[in-house]
Amino acid sequence: MRVHKTEALTAPIAWADEEADAMDEQEFRRLYDATARPIFAYLMGVSGRRDVADDLLQETYCRILARRVLPMEESEARRYLFRVATNLLRDRWRRGEDARWAEPAEEGFLPDANMQLDVRVAMRALKPRERELLWLAYVEGMNHAEIAAATGLSAMSIRLLLFRARRKAAALLRPDEVKR
Amino acid sequence: MKRCERESEVTAALRAGLWTEELRGHLRSCASCAETERVASALLLSAAAMGELHELPAADLVWRRARVGMQEEALKRAMRPLIFMRRVSFGCVAGFAVWVAWELWRSGFSGYRQFLPGMNFVATGAAGVGVAIALLLMGVGSWYLLHASRQSGIMPSA
């Protein structure tokens with residue numbers, strides 16, 4: 001094998017290749033297949049845009065590979081992935097990129113799915129953090145400690161924040177019923 | 001409305017689709033749990049519809065993107081000392097230029113021959129040859145590094 005004289009200069013790149021090879025692609029594929037759909041739904045439900053969900057989903061897995069935290073237990077990886085996805089969503093909001101939600105037709109929503117439209121309208125009216133909390137609690141079934149780990153909020157505050165978010169969402173979903 | 005301790009049970013039952021008669025009875029009498037059920041069921045139906053409607057990016061694509069990102073990061077790390085040295089050399093040149101300009105200005109631009117005592121033909125010629133050799137070596141070195149990088153596939157050819 002020909003050894004190039006500039007090998008010393010390119011050594012860090014070669015190391016990166018070796019580390020990447022050390023990560024099992026099959027392991028990654030298994031993790032991706034098991035976790036990508038809920039992460040995508042979370043990103044889509046909270047950001048309201050398919051293009052954003054697509055992009056952040058890929059970025060989430062790129063981060064987990066780049067940080068070389070694999071292999072880990074699936075449940076642990078799942079929590080970590082939600083944490084990374086939440087941080088990426090926050091970065092978008094900090095940059096002020098959360099203003100526009102895609103129209104239902106644009107995202108391929110069924111036009112007669114009234115419930116789905118109601119949910120979108122409600123989610124759009126909620127604050128990003130409220131959307132996160134509701135999704136993690138009710139769709140992912142996370143408990144308060146898990147939500148705290150995924151969002152970086154204190155576990156003590158989750159209960160109250162979630163209660164308020166739920167009240168607001170319920171009012172948005174069925175305004176007339178919640179007045180009592 | 002007060003919070004109810006059984007909200008998590010309602011959420012779990014909704015997610016699993018397993019309701020007991022007792023829990024159904026509680027749901028009818030508890031406004032907080034009824035509200036939880038309403039919000040959670042709407043979100044769960046929405047999430048299920050999302051799963052049916054949208055295709056995910058392929059795992060291969062994400063894997064390749066991650067690999068490319070890691071290589072770019074490694075390249076950046078490898079280039080960091082070179083970038084640092086380039087900045088240092090620019091700083092040295094700029095510092096030298098400022099110093100020369102300052103000395104010339106201080107001498108009133110008239111005594112530059114005293115300031116640069118070697119400004120005769122021979123000395124200037126020797127300095128010129130030195131600069132030319134340095135430039136030639138820099139060019140050859142840069143060409144060699146770029147050529148080597150392209151051959152090893154690190155840097156794409158133009």
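Okay, so let's go over this structure.

1. Looking at empty space enclosed by the protein
- Taken as a whole and judged by the stated rule, the model has 2 cavities of 30 Å³ or more.
- The space that makes up the second largest cavity amounts to roughly 40 Å³.
- Lining of the second largest cavity is provided by A:Val119, A:Ala122, A:Met123, A:Leu126, A:Leu134, A:Ala169, A:Leu173, B:Val39, B:Ala42 and B:Leu43.
- Every element with two or more residues in the lining of the second largest cavity is listed here: helix 5 (114-125) and helix 8 (155-173) of chain A together with helix 3 (31-53) of chain B.
- A breakdown of the residues in the lining of the second largest cavity according to their chemical character gives 10 nonpolar, no polar and no charged.

2. Focus on a nonpolar patch on the surface
- Taken together, the side chains of B:Met79, B:Leu82 and B:Ile83 define a hydrophobic patch exposed on the protein surface, amounting to about 210 Å² of accessible area.
- Examined against the element boundaries, B:Ile83 turns out to sit in helix 4 (residues 59-106).

3. Things to note about the nonpolar core
- With 62 residues, the main nonpolar core has A:Tyr61, A:Leu134, A:Trp135 and B:Leu43 as its most contacted residues.
- Those residues in contact with A:Leu134 that lie beyond four places of it in its chain are A:Leu126, A:Val139, A:Leu162, A:Ala165, A:Arg166, A:Ala169, B:Val39 and B:Leu43.
- The next biggest cluster of nonpolar side chains, apart from the first, holds 7 residues, and it includes B:Val10, B:Ala13, B:Cys30 and B:Cys33.

4. Side note on the packing of aromatic side chains
- One pass over the full model with this rule turns up 7 aromatic pairs over all chains.
- Pairing A:Phe28 with B:Trp63 gives two aromatic rings, centres 5.4 Å apart and planes at 45°, and the pair type is tilted. Of this pair, A:Phe28 sits in helix 2 (residues 25-47) while B:Trp63 sits in helix 4, placing the two residues on different chains.
- Here the aromatic rings of B:Phe96 and B:Trp99 are separated by 6.1 Å at their centres, their planes lie at 35°, and the arrangement is tilted. A residue pair is termed a helical-turn pair when its members lie 3 or 4 positions apart in one helix, as B:Phe96 and B:Trp99 do in helix 4 at 3 residues.

5. With respect to the packing of helix 2 of chain A against helix 3 (residues 50-66) of chain A
Residue and element names in this part refer to chain A.
- Interaxial distance between helix 2 and helix 3 falls to 9 Å at its minimum, and their mutual angle equals 140°. Classified by the angle their axes make, helix 2 and helix 3 are oblique. The two elements helix 2 and helix 3 meet at a crossing, and its hand is right-handed. Note on element contacts: helix 3 touches helix 2 through Arg50, Val52, Ala53, Asp54, Leu56, Leu57, Tyr61 and Leu65, opposite Phe28, Leu31, Tyr32, Thr35, Ala36, Ile39, Phe40, Leu43, Met44 and Ser47.
- Taken together, the residues of the contact of helix 2 with helix 3 sort by class into 14 nonpolar, 2 polar and 2 charged.

6. Examining the pattern of salt bridges
Residue and element names in this part refer to chain A.
- All told, the structure shown has 19 salt bridges over all chains when counted by the stated rule.
- Across the pair Glu27 and Arg30 runs a salt bridge, and its minimum N-O distance is 3.5 Å. With a gap of 3 residues between them, Glu27 and Arg30 both fall in helix 2, about one helical turn apart.
- Judged by its relative accessible area of 27%, Glu27 falls in the partly exposed class.
- On the accessibility criterion, Arg30 (52% relative accessible area) is exposed.

7. Topic: the packing of helix 2 of chain A against helix 4 of chain B
- One can describe the packing of helix 2 of chain A onto helix 4 of chain B by two numbers: an axis separation of 10 Å at closest approach and a directional angle of 125°. By the angle between their directions, the pair helix 2 of chain A and helix 4 of chain B is classed as oblique. Relative to helix 4 of chain B, the crossing made by helix 2 of chain A is right-handed. Of helix 4 of chain B, the residues touching helix 2 of chain A (which contributes A:Glu25, A:Phe28, A:Arg29 and A:Tyr32) are B:Ala59, B:Asp60, B:Val62 and B:Trp63.
- A per-class count over the contact of helix 2 of chain A with helix 4 of chain B returns 5 nonpolar, no polar and 3 charged.

Thresholds applied
Residues numbered from 1 in each chain as written. Chains lettered and ligands numbered in written order. Predicted model: local features only at pLDDT ≥ 70, side-chain atom pairs only at ≥ 80, totals over all residues. Heavy atoms only, no water. 1 Å grid on protein atoms, 1.4 Å probe; cavity = no way out; pocket = protein on both sides within 12 Å on 5 of 7 lines; lining within 4 Å. Points joined across faces, edges and corners; volume = space filled by probe spheres on them. Helix = DSSP H or I, 4+ residues; strand = E, 2+ residues; numbered from the N terminus. Nonpolar A, V, L, I, M, F, W, Y, C, P; charged D, E, K, R; others polar. Patch = residues over 30% accessible without salt bridge, like charges linked within 9 Å, V, L, I, M, F, W, Y side chains within 5 Å. Areas by Shrake-Rupley, 256 points an atom, 1.4 Å probe, with all protein chains shown as cover. Salt bridge = Lys/Arg side-chain N within 4 Å of Asp/Glu carboxyl O. Core = buried A, V, L, I, M, F, W, Y, C linked by side-chain atoms within 4.5 Å. Buried < 20%, exposed > 50% of the residue type's maximum accessible area, 1.4 Å probe, protein only. Contact = heavy atoms within 4.5 Å. Phe/Tyr/Trp six-rings, centres within 6.5 Å; stacked < 30°, edge-to-face > 60°. Axes fitted to C-alpha atoms, helices over the stretch in contact; angles between N-to-C directions. Parallel < 35°, antiparallel > 145°, perpendicular 65-115°, else oblique. Left-handed = near helix turned anticlockwise from the far one by under 90°.

Geometry only, nothing functional implied.
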